[in-house]
Amino acid sequence: MCGIFGCILRNREAAPIIHAALKRLEYRGYDSVGELTIHKGRFYIKKDQGKIDEVHRVHNLDDLPGNIGIGHTRWATHGAPLEVNAHPHVDCRGSIAVVHNGIIENFAELKLELESRGHVFKSRTDTEIIAHLIEENSKVDSSLGLVKATLEAVKKLEGSYSIAVVSTHEPSKIVCARHESPLVIGINEDAIYCASDIPAFLHLTNRVVTVEDGELVVISRKGFEISKIADSSVVTRKPKLIEWTPEMAVKQGYPHFMLKEIYEQPACLRNTLRLQEHYLDLMATFLDRAREVFLVACGTSYHACLAASYMFSKLAFLATYPVIASEFPEQHGKSVNIDSTILAVSQSGETADTLASVNCARERAATVLGLTNAIGSTLTRVSRVYIGQQSGPEIGVAATKTFTSQLSVLSQLALRLAKKRGKVSQDEMDYLAENLEMLPDTVETIIQDQEEKVKEIAKKYKSAKTFFFLGRGSSAATAYEGSLKLMEIAYVPSIAYPAGESKHGPISLVEPGFPVVFVCPRDGTHKTLVGNIMEMKARGASVIAVIEKDDEEIKKLADDYIEVPKGIPEVLSPIPYVIPLQLLAYHMAVERGHNPDTPRNLAKSVTVK
Ligand code: F6R
């Protein structure tokens, strides 16, 4: 997730406006920043790695001539956060420039093609190919203007994008296009803006046009023109008046970042399906060769590791050991050696205990692999191979979208490994891959259909003193995660256990009305889980079950239930089944009068102020 911005102004310098807009978009990404203005037919560019204030201190982002320009604030997906990878990116001649938010899936193929035709690339980004594609189109047919050359270029792109393109040859227009990444236009009397999000210009205008997927927009001093990318047909759309305050706009109208990020999960999951396959392959090769594999992480990321250990075992027949990072050096420090592999999972890539485990492993010559949301973080620097999970910055302190994205990447990794080891049939591979593709829609359905129900449940149990979360198999990991969220955000003491273990002690806590949340996909664990539910019911527990739709057997037993669509393969079930639990924690916090974005005693390793 990155922030793009562009503006065309009358009688005012663009640079301070771009700078202010990028500052307001910083929550979308903050590892590098860039600005470009056009003056007298020339580009003026300032860009660097670092947060906007740091880059401004060194480069003075307000000091660029001209009243038209574009800007970008980055959250790295392809290429480390370095000056050379900061946007805007230009073509070979330096006369076409692009800022981009999204992920171009087929960039590697397009780059090879372009290089074979003599194009020279400076960055490691996927974005740069767009500038070269536009250049190529203009070279092949010099009569094509910027608009047509951009149109033909975006037709070749697979993946997600919102872009703003400028050219020194047509210095009074900005061409934008959108597919699966947000893009809005803002209008007032003496200016026109394009941006990833409304907060970029809400302090300047509240007249907004939302650009839809598959549309191209040309903005100029005369206004804006929207057309469809597929057939160039013209689209007429009137601006709407936005009544949001700037604070609401940053959260896109959601009351809290946590809820916004819960709602972002379908889009984030789609991003995880756009990973470069060779990274997955490379990591799978390391895992395949390892004598022993430790999955090391803290908190929510540890729960992703726990779920992943079931995936690796069930799909690839690989035993992996999930370990809480703060325990790793004590528990395994002495036995780790050159044949060991450590897959460290950390959203921030900066969590001290995870990095300490990694250091411990490196000192003993083990192989370190990393999965993180922060490219350029310490974890990416110390890992032999790393994968960026591409969830965009997570501003809410509670990890939500990053958890499900981690699960999606880890399941893809398990699938890769299974294929390498010949442990799954082609049919099973195809079936799982298809289901992974469908998960973003499934998650969207759950959020939309079940939130009201979850809200009612939160109202009903808001005064409960303690909660139990139980599940079997990989749903035990889901239960742990649901419990952690509830404690962290709603301050409800909560205990999670593999359901089968609950009778060995914890069950003595249960008395009439004690809320027990069961995670109950209809998989191999279903039958025994029904037994566990009965045990709890026999002691008067109030059972809240997350079930597969139309699971009449559990519906009859449960006091309350939340339904998840049918047919989710067992190894993927933690992704959809955790969604109601995230919503439950969120609504319990709200019902109990707490702000879910600012849990006490906790801080994110990486935050934007
Ligand atoms: C829980 C939460 C924390 C983090 C943990 C690890 O909602 O956010 O438990 O999961 O601090 O953080 P990362 O993944 O950044 O290493």
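Preceding this section is the structure that the text describes.
In this text the structure is predicted, and so the values were computed from the model without any measurement. (Residues numbered from 1 in each chain as written. Predicted model: local features only at pLDDT ≥ 70, side-chain atom pairs only at ≥ 80, totals over all residues. Heavy atoms only, no water.)

**Student:** If you had to explain the overall build of the protein chain to someone new, which residues and values would you point to?
**Tutor:** A tally of helices and strands in the protein chain yields 19 helices and 25 strands. In terms of overall size, the protein chain behaves like a compact globule, its C-alpha atoms giving a radius of gyration of 25 Å where 609 residues would be expected to give roughly 25 Å. Each principal axis of the C-alpha atoms in the protein chain carries an extent, and together these give about 80 × 55 × 45 Å. Out of the 609 residues in the protein chain, the part that is buried amounts to 61%. Considering only contacts within the protein chain whose residues lie at least 6 apart along the sequence, 71% involve residues at least 24 apart. For the protein chain, the exposed surface amounts to about 23300 Å²; the carbon and sulfur share of it is 50%. (Helix = DSSP H or I, 4+ residues; strand = E, 2+ residues; numbered from the N terminus. Rg over C-alpha atoms; globule rule 2.2 N^0.38 Å. Buried < 20%, exposed > 50% of the residue type's maximum accessible area, 1.4 Å probe, protein only. Contact = heavy atoms within 4.5 Å. Areas by Shrake-Rupley, 256 points an atom, 1.4 Å probe, with all protein chains shown as cover.)

**Student:** Report on a positive patch on the surface, specifying residues and quantitative values.
**Tutor:** A surface patch of positive charge is lined by Arg289, Arg384, Lys419 and Lys420. On the accessibility criterion, Lys420 (37% relative accessible area) is partly exposed. (Patch = residues over 30% accessible without salt bridge, like charges linked within 9 Å, V, L, I, M, F, W, Y side chains within 5 Å. Salt bridge = Lys/Arg side-chain N within 4 Å of Asp/Glu carboxyl O. Lys, Arg positive; Asp, Glu negative; His and termini not counted. Charge placed at Lys NZ, Arg CZ, Asp CG, Glu CD.)

**Student:** Can you break down helix 12 (residues 352–363) residue by residue, with the values?
**Tutor:** The first and last C-alpha atoms of helix 12 sit 16 Å apart over twelve residues, in line with the 16 Å expected at 1.5 Å per residue. Buried within helix 12 we find Thr354, Leu355, Ser357, Val358, Cys360 and Ala361. Those residues of helix 12 that are buried lie in contact with strand 16 (292–297), helix 11 (328–332), strand 18 (340–346), strand 19 (367–372) and helix 13 (378–382). Positioned one or two residues after helix 12, Ala365 has a phi angle of 65°, which is positive. (Expected span 1.5 Å × (residues − 1).)

**Student:** Please give an account of the sheet that holds strand 9 (residues 184–188) that cites residues and values.
**Tutor:** The eight strands lie next to each other as 3-2-4-1-10-9-11-15, forming an open sheet whose pairing is antiparallel. The open sheet is flanked by strand 3 (42–49) and strand 15 (240–241), the only strands paired with a single partner. Where strand 2 (residues 32–39) lies against strand 4 (residues 68–74), seven bridges are found, and the strand directions are antiparallel. Within strand 4, the position partnered with Leu36 by the bridge is Ile70. Strand contacts of helix 1 (residues 15–24): strand 1 (3–9), strand 2, strand 4 and strand 10 (191–195), with the helix running at about 155° to strand 2, the strand carrying the most contacts. Most of the contacts of helix 2 (residues 52–59) go to strand 3, to which it runs at about 125°, and overall it touches strand 2, strand 3 and strand 4. (Pairing = 2+ DSSP bridges. Axes fitted to C-alpha atoms, helices over the stretch in contact; angles between N-to-C directions.)

**Student:** Quick one: what's the story with the pairing of strand 1, residue by residue and with numbers?
**Tutor:** Of all seven residues in strand 1, seven are buried, a share of seventy percent or more. Of the two faces of strand 1, the one lined by Gly3, Phe5, Cys7 and Leu9 and the one lined by Ile4, Gly6 and Ile8 are each fully buried. In this structure, strand 1 lies alongside strand 4, joined through six bridges in antiparallel fashion. Bridging from a neighbouring strand, Phe5 pairs with Gly71 of strand 4. Pairing of strand 1 with strand 10 involves five bridges; the strand directions are antiparallel. Paired with Phe5 across the strands is Ala195, a residue of strand 10.

**Student:** Tell me what's going on with the packing of aromatic side chains, and back it up with residues and numbers.
**Tutor:** In total, this model carries eight aromatic pairs according to the counting rule given. Taking the centre distance of 5.8 Å and the plane angle of 20° together, the rings of Tyr193 and Phe201 count as stacked. As far as burial versus exposure is concerned, Tyr193 and Phe201 are alike and both buried. Relative to Phe328, the ring of Phe294 has its centre 5.4 Å away and its plane inclined at 75°; by these criteria the two rings are edge-to-face. Residue Phe294 is found in strand 16, and its partner Phe328 is found in helix 11; the two are separated by 34 residues along the sequence. Here Phe294 falls in the buried class, since its relative accessible area comes to 2%. Among the residues examined, Phe328 registers a relative accessible area of 0% and is labelled buried. (Phe/Tyr/Trp six-rings, centres within 6.5 Å; stacked < 30°, edge-to-face > 60°.)

**Student:** Go over the site of the ligand with me, naming the residues and quoting the values.
**Tutor:** Neighbouring the ligand are 14 residues; Ser301, Ser346, Ser348, Thr351 and Glu488 lie closest to it. Within the side chain of Ser346, an N or O atom sits 2.6 Å from an oxygen atom of the ligand. Contact between the ligand and Val397: an oxygen atom at 3.3 Å from a main-chain N or O atom of the residue. For the ligand, whose unbound accessible area comes to 410 Å², protein coverage reaches 83%. (Near = heavy atom within 4 Å. Polar contact = N/O pair within 3.5 Å; in protein donor to acceptor, adjacent residues only side chain to side chain.)

**Student:** So what's going on with the nonpolar core? Residues and values would help.
**Tutor:** Counting 83 residues, the largest nonpolar core has Phe312, Leu343, Leu413, Phe467, Phe469 and Leu584 as the members making the most contacts within it. Sequence-distant contacts of Leu584, that is, excluding residues within four places in its chain, are made with Val454, Ile457, Ala458, Phe467, Phe469 and Val517. (Core = buried A, V, L, I, M, F, W, Y, C linked by side-chain atoms within 4.5 Å.)

**Student:** Outline the packing of helix 8 (residues 265–272) against helix 14 (residues 401–420), listing residues and values.
**Tutor:** Between helix 8 and helix 14, whose axes approach to 9 Å, the crossing angle comes to 30°. Accordingly, the angle class assigned to the pair helix 8 and helix 14 is roughly parallel. Here the hand of the crossing between helix 8 and helix 14 comes out right-handed. Between helix 8 and helix 14, the contacting residues are Gln265, Cys268, Leu269 and Thr272 on the first element and Lys401, Thr404, Ser405, Ser408, Val409 and Gln412 on the second. Looking at the contact of helix 8 with helix 14, its residues break down into three nonpolar, six polar and one charged. (Parallel < 35°, antiparallel > 145°, perpendicular 65-115°, else oblique. Left-handed = near helix turned anticlockwise from the far one by under 90°. Nonpolar A, V, L, I, M, F, W, Y, C, P; charged D, E, K, R; others polar.)

**Student:** Give me the pattern of salt bridges: which residues, what numbers.
**Tutor:** Under the counting rule described, the total for this entry stands at 36 salt bridges. Glu136 is paired through a salt bridge with Arg117; the nearest N and O atoms lie 2.5 Å apart. Placement of the pair is Glu136 in helix 4 (residues 128–140) and Arg117 in the loop between helix 3 (107–116) and helix 4, with a sequence separation of 19 residues.

**Student:** Tell me about helix 5 (residues 146–155), residues and numbers included.
**Tutor:** Those residues of helix 5 not exposed but buried are Leu146, Ala149, Thr150, Leu151, Ala153 and Val154. Of the surrounding elements, those touching the buried residues of helix 5 are helix 4, strand 7 (159–167), strand 8 (173–179) and strand 12 (215–220).

**Student:** Go over the sheet that holds strand 17 (residues 320–324), please, and point to the residues and values.
**Tutor:** Here we have five strands laid out as an open sheet, ordered 17-16-18-19-20, and parallel in their pairing. Only two strands of the sheet have a single neighbouring strand rather than two, namely strand 17 and strand 20 (385–388). Ignoring which end each strand starts from, the neighbouring axes of this sheet average 20° apart. Of the pairings in the sheet, the one linking strand 19 to strand 20 comprises four bridges and is parallel in character. From the neighbouring strand, Gly370 faces strand 20, where its bridge partner is Tyr386.

These values are about where atoms sit, not about what they do.
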